[in-house]
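Spelled out from the first residue to the last, the chains are:
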Amino acid sequence: MLRSLTLATLLALTVPLTATAQDAVKVTPLGGQEGEFCRLDRALIFEDPTGTRILYDAGRTVAGPEDPRLGEIDVILVSHVHGDHIGDRRAAAVNAGTCGQPDASVSMTPNSNTVEIAVAKGAAIVTGSEMPRFFAGKLKAAGGDPKKSVLARFGASQTIGGVKITTVPAVHSNGLAPDFIGGEMAEHMAEAGITAYVGPPTGYVLTFSNGLVVYLSGDTGITAEQDLVVRGHYAAKLVVMNIGDTFTTGPTEAAYVINELVKPASVIASHANEEATKDGQVIAGTRSEAFMKASGVPVHVPLSGRTMSFDADGLCVEGCS
Ligand SMILES: [Zn+2]
């Protein structure tokens, strides 16, 4: 807190920032290639005006706890425990591989990229459903504090720093792969082709200190709660929407969620599972392009390393493409 206030004071003295930019929530993608939106990209950092920093779905593109892009992390969110979100593998280094074939060569099982980062940063992991006990055990096994795994089940919330965090339903699956369990039981499970139960997957609703409400869809199909809860109760103004098809809503379904159900001011595309950009420009014929065309509100492309700033109304005030 003291650090961020001091920095804000210094900036106010040296840079003529508008009140809007100072109060904005900053969103920085940590993707597979600097300046691009790539196949495995999920991870985003949200920074509240008070300085609270949240890492959402670390996945495979964050190069472990030593990734210099992380900085201080107060909270980690995990929509569900599938490997591409919790991080069963990770990049050997920032920007390793290519946009279409990102490097994810470092195995992170049985602990996961998420847990290793949480321990190194002293961050809380806030999850819903039955996931907190699983993460508490993993934190302990990795030398961290199991009490740092915190529950925010549907309808309940946790406030950490300047941000209120709750979970909302996602229509997906949430089986824990045997690789995270180990031992003889894991062998039997792998042989039988089954996963372990850790409760349903989730999306999140975050309420920042400037009043901005953000919906993180997680991996999901179309849900009734996107209308009834996310718009009806929380009135989310910015949405991070998964558009990859096959595993989640595709561009058409995702645009329906935006246009008819949540009705935010703007949206950040996510989880496109494709090489979506070249030289920072969306490639013709991609799912990302189809989603941008179908969405009735501005779609911002999460170019890795490029910080976007959003005001309380969900409008981008700086850094958007
Ligand atoms: Zn996924």
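Everything discussed here concerns the structure shown above.
Just so we're clear, the structure is a prediction, and the values are computed from it rather than from any experiment. (Residues numbered from 1 in each chain as written. Predicted model: local features only at pLDDT ≥ 70, side-chain atom pairs only at ≥ 80, totals over all residues. Heavy atoms only, no water.)

## Points about the overall build of the protein chain
For the protein chain, the helix and strand inventory stands at 9 helices and 19 strands. For the protein chain, the C-alpha radius of gyration of 19 Å lies close to 20 Å, the compact-globule estimate for 321 residues. C-alpha extents for the protein chain along the principal axes are approximately 60 × 45 × 40 Å. Across the 321 residues in the protein chain, those meeting the buried criterion constitute 54%. In the protein chain, the proportion of contacts linking residues at least 24 apart, taken out of those at least 6 apart, comes to 64%. Accessible surface, the protein chain as shown: approximately 13,200 Å² in total, 54% of it carbon and sulfur. (Helix = DSSP H or I, 4+ residues; strand = E, 2+ residues; numbered from the N terminus. Rg over C-alpha atoms; globule rule 2.2 N^0.38 Å. Buried < 20%, exposed > 50% of the residue type's maximum accessible area, 1.4 Å probe, protein only. Contact = heavy atoms within 4.5 Å. Areas by Shrake-Rupley, 256 points an atom, 1.4 Å probe, with all protein chains shown as cover.)

## Points about the sheet that holds strand E13 (residues 238-242)
Pairing in this open sheet of 7 strands is mixed, and the strands run E9-E10-E11-E12-E13-E14-E17 from one edge to the other. Since the sheet does not close on itself, it has two edges, and those belong to strand E9 (157-160) and strand E17 (299-300), each with one partner. (Pairing = 2+ DSSP bridges.)

## Brief notes about the sheet that holds strand E1 (residues 25-29)
Overall, mixed pairing links the 8 strands, which are arranged E8-E7-E4-E3-E2-E1-E18-E19 in an open sheet. Looking along the sheet, the strands with just one partner apiece sit at the ends: strand E8 (149-151) and strand E19 (316-318). On average, each strand axis in the sheet is tilted by 30 degrees relative to the strand beside it, whichever way the strands run. Direction of pairing for strand E3 (residues 53-56) relative to strand E4 (residues 75-77): parallel, over a ladder of 3 bridges. Looking at E4, one finds that tyrosine 56 is bridged to leucine 77. Along the sheet, helix H5 (residues 131-141) makes contact with strand E7 (124-127) and E8, crossing E8 at roughly 170 degrees. (Axes fitted to C-alpha atoms, helices over the stretch in contact; angles between N-to-C directions.)

## Concerning the state of the cysteines
As enumerated under the stated definition, the model contains 2 disulfides in all. What pairs with cysteine 38 in a disulfide is cysteine 99, and their sulfur atoms sit 2.0 Å apart. The S-S bond linking cysteine 38 to cysteine 99 shows a torsion near -105 degrees; that makes this disulfide left-handed. Residue cysteine 38 is found in the loop between E1 and strand E2 (44-47), and its partner cysteine 99 is found in the loop between strand E5 (89-90) and strand E6 (106-107); the two are separated by 61 residues along the sequence. Per residue, the accessibility class of cysteine 38 equals that of cysteine 99, and both read buried. The disulfide that involves cysteine 316 links it to cysteine 320, with 1.9 Å between the sulfurs. Its S-S torsion of about 100 degrees marks the bond between cysteine 316 and cysteine 320 as right-handed, since a negative value means left-handed. The exposure class assigned to cysteine 320 is partly exposed, which follows from its relative accessible area of 27%. Among the cysteines of the protein chain that take part in disulfides, numbered as they appear in the sequence, the pairing is 1-2, 3-4. (Disulfide = S-S within 2.5 Å.)

## Topic: the coordination of the zinc ion
Surrounding the zinc ion are the protein donor atoms Asp84 (OD), His85 (NE2), Asp219 (OD) and His271 (NE2), at 2.1 to 2.4 Å. Considering all 4 donor atoms around the zinc ion, angles at the metal cover 88 to 167 degrees and the coordination shape is irregular. Its relative accessible area of 15% is what places aspartate 84 among the buried residues. On the basis of relative accessible area, aspartate 219 is assigned to the buried category, the value being 2%. (Donors = N, O, S within 2.8 Å, 3.2 Å for Na, K, Ca; no water. Tetrahedral: all angles 85-135°; square planar, octahedral: opposite > 155°, others 65-115°.)

## Quick word on the side chain of glutamate 36
Within the fold, glutamate 36 resides in the loop between E1 and E2. Put simply, glutamate 36 is tucked away with no salt bridge, and the nearest opposite charge, on lysine 278, sits 6.9 Å away. At 2.8 Å, the side chain of glutamate 36 and the backbone nitrogen of aspartate 279 are in polar contact. Glutamate 36 has contacts with Asp41, Cys99, Thr277, Lys278, Asp279, Gly280, Pro302, Leu303 and Ser304, leaving out every residue within four places of it along the chain. (Lys, Arg positive; Asp, Glu negative; His and termini not counted. Salt bridge = Lys/Arg side-chain N within 4 Å of Asp/Glu carboxyl O. Polar contact = N/O pair within 3.5 Å; in protein donor to acceptor, adjacent residues only side chain to side chain.)

## A closer look at the pattern of salt bridges
A complete count under the given rule lists 7 salt bridges for this structure. Between glutamate 47 and arginine 53 there is a salt bridge, with its nearest N and O atoms 2.7 Å apart. Salt-bridge contacts for lysine 293 lead to glutamate 289; the nearest nitrogen and oxygen are separated by 3.7 Å. Highlighted residues: lysine 293 and glutamate 289, both in helix H9 (residues 287-294), separated by 4 residues, approximately one helical turn.

## Side note on the packing of helix H8 (residues 251-262) against H9
Contact geometry for H8 and H9: axes closest at 9 Å, N-to-C directions at 30 degrees. As the angle between them shows, H8 and H9 are arranged roughly parallel. At the point where H8 passes H9, the crossing takes the right-handed sense. On H9, the residues touching Pro251, Ala254, Ala255, Ile258 and Asn259 of H8 are Arg287, Ala290, Phe291 and Ala294. For the contact of H8 with H9, the class distribution of residues is 7 nonpolar, 1 polar and 1 charged. (Parallel < 35°, antiparallel > 145°, perpendicular 65-115°, else oblique. Left-handed = near helix turned anticlockwise from the far one by under 90°. Nonpolar A, V, L, I, M, F, W, Y, C, P; charged D, E, K, R; others polar.)

## Here's the deal with the packing of aromatic side chains
Taken as a whole and assessed by the stated rule, the structure comprises 3 aromatic pairs. Considering the side-chain rings of tyrosine 56 and tyrosine 204, the 6.4 Å spacing of their centres and the 85 degrees angle between planes classify their relative orientation as edge-to-face. Remark: tyrosine 204 occurs in strand E11 (residues 202-207) and tyrosine 56 occurs in strand E3; sequence separation between them is 148 residues. Assigned by exposure class, tyrosine 56 and tyrosine 204 land together as buried. (Phe/Tyr/Trp six-rings, centres within 6.5 Å; stacked < 30°, edge-to-face > 60°.)

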